[in-house]
Amino acid sequence: MQYATEKLINLGFVDIIGQANNKAGVLSFLLKGIHPYDTGVILDKLGIAVRTGHHCAEPIMDFYNIAGTVRASFAIYNTFEEIDTFIDGLKRAYQMLS
Amino acid sequence: MTVNEKADALVKEFSYYEDWMDKYDYIIDLGKSLPLIDDEHKTPDYLINGCQSQVWLNAKYDNGKVYFTADSDAIITKGIIALLLKVFSGGDPQEIINADMSFIDKIGLREYLSPTRSNGLLEMVKQIKMYAYAFSTKK
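None of the values given here were measured: they were computed from a predicted structure.

Definitions and cut-offs
Residues numbered from 1 in each chain as written. Chains lettered and ligands numbered in written order. Predicted model: local features only at pLDDT ≥ 70, side-chain atom pairs only at ≥ 80, totals over all residues. Helix = DSSP H or I, 4+ residues; strand = E, 2+ residues; numbered from the N terminus. Rg over C-alpha atoms; globule rule 2.2 N^0.38 Å. Buried ≥ 20, exposed ≤ 12 C-beta atoms within 10 Å, placed from the backbone. Contact = placed C-beta atoms within 7 Å. Expected span 1.5 Å × (residues − 1). Arc of directions from axis to C-beta. Core = buried A, V, L, I, M, F, W, Y, C linked by C-beta atoms within 7 Å. Pairing = 2+ DSSP bridges.

Novice: Teacher, can you tell me more about the overall build of chain A here?
Specialist: Check the secondary structure of chain A and you find 4 helices and 4 strands. When the helices and strands of chain A are placed in sequence order, the string is α-β-β-α-β-α-β-α. For 98 residues, the compact-globule estimate of 2.2 N^0.38 gives 13 Å, and chain A sits close to it at 13 Å. In terms of overall dimensions, chain A has C-alpha extents of about 35 × 35 × 20 Å along its principal axes. Sorting the 98 residues of chain A into buried and exposed places 28% on the buried side. The long-range fraction of contacts in chain A, counting pairs at least 24 apart against all pairs at least 6 apart in sequence, stands at 57%.

Next comes the structure, spelled out in structure tokens:
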């Protein structure tokens, strides 16, 4: 999580939604100026599975005034290499969509 | 060009792109060039039901032809509606109603979309045909 969060922030075009100190293994974020579905479609085509949308949490989406987020969930079996693939996928998606 | 001729031209254009990335790039570029809907029509009345992202569609009837404008908050969705408008905008109502819809599968559009987006696509087509039908009764 720490590795992925740092990498995401370093991209410079990502807004992380929710940055509590003790959060579960999920990273909710948006690429600046890009609809979460668009990001999701491109990542999907690259073989990277994320969830997009409001995640059944409309009130908090209204609170942040956003249509939804992209959410990557990490489990015990995920590797650093997979995070790198994910970050590369985001770079590609941002390049295509911006 | 008739509506069906425009659809054939589009299928041909897509056949040059082998890679899904190139197809997406083309769709995204189309989305950016879409004739945008006026802000006054960007209201819930013009929203298409059944789309996960928001899509607004408006139509004008001028001199026997139907002209569409649209917008969406997601760029790929915008590209998809732009693709449909490329075929249907400027067509006469009867042509639009009777249009051969096989071009969507020939392009391979449906397989590139998630099921929810594929449903959204059908809703867009339905709405375009509804406008055409409404205008055809005005003649």
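Novice: Got a minute to help me understand the interface of chain B and chain A in this structure?
Specialist: Interfaces are often sized by the amount of accessible area the parts lose when they come together. Listed per partner, the contact involves 10 residues of chain B and 8 residues of chain A. When residues of the side of chain B that touches chain A are traced back to their parent elements, those giving at least two are helix H2 (20-32) and helix H3 (75-88) of chain B.

Novice: Can you help me understand helix H6 (residues 115-136) of chain B in this one?
Specialist: Residue and element names in this part refer to chain B. The terminal C-alpha atoms of H6 lie 32 Å apart, and with 22 residues this matches the ideal 32 Å at 1.5 Å per residue to within 8%. When H6 is considered as a whole, its buried residues turn out to be Arg-117, Gly-120, Leu-121, Met-124, Gln-127, Ile-128, Tyr-131, Ala-132 and Phe-135. Buried positions in H6, seen along its axis, are confined to an arc of 135 degrees and lie on one side of it. Across from the buried face of H6, at angles greater than 90 degrees, the exposed residues are Pro-115 and Lys-126. Summarising the contacts, the buried residues of H6 are in contact with strand E1 (55-62), strand E2 (65-72), H3 and helix H4 (93-97).

Novice: Looking at this structure, how should I read the nonpolar core?
Specialist: Most often, soluble globular proteins have nonpolar side chains that are buried together. All names here are of chain B. Formed by 52 residues in total, the largest nonpolar core has its most connected members in Phe-68, Ala-70, Ile-81, Leu-84, Phe-88 and Ile-128. No other element matches the 10 residues that H3 contributes to this core. Once you skip the residues sitting within four places of it in the chain, Phe-68 turns out to touch Leu-57, Ala-59, Leu-85, Phe-88, Ser-89 and Ile-128.

Novice: Before we go on, may I ask you to explain unusual backbone geometry in this structure?
Specialist: Excluding glycine, residues mostly carry a negative phi; peptide bonds, for their part, are mostly trans. Residue and element names in this part refer to chain A. The backbone phi angle of His-55 is positive, close to 55 degrees, even though this residue is not glycine. Structurally, His-55 is set in the loop between strand E3 (51-53) and helix H3 (58-64). The phi dihedral of Asn-65 falls on the positive side, at around 60 degrees, and the residue is not glycine. Secondary-structure assignment places Asn-65 in the loop between H3 and strand E4 (69-73). You can call Asn-65 exposed: it has 6 C-beta atoms within 10 Å.

Novice: Can you help me understand the environment of Tyr-94 of chain A in this one?
Specialist: Residues and elements named next belong to chain A. Of note, Tyr-94 is situated in helix H4 (residues 80-97). For Tyr-94, a count of 19 C-beta atoms within 10 Å gives the class partly exposed. Each C-alpha atom of the pair Tyr-94 and Glu-58 lies 25 Å from the other, and the pair is 36 residues apart in sequence.

Novice: Could you clarify how one ought to interpret the pairing of strand E2 (residues 26-31) of chain A in this entry?
Specialist: If a strand is regular, its side chains alternate between the two faces of the sheet. All names here are of chain A. Counting buried residues along E2, 5 of its 6 residues qualify, which places the element largely inside the surrounding structure. Examined bridge by bridge, E2 and E4 share 4 bridges and lie antiparallel to one another. Looking across to E4, one finds that Phe-29 is bridged to Val-70.

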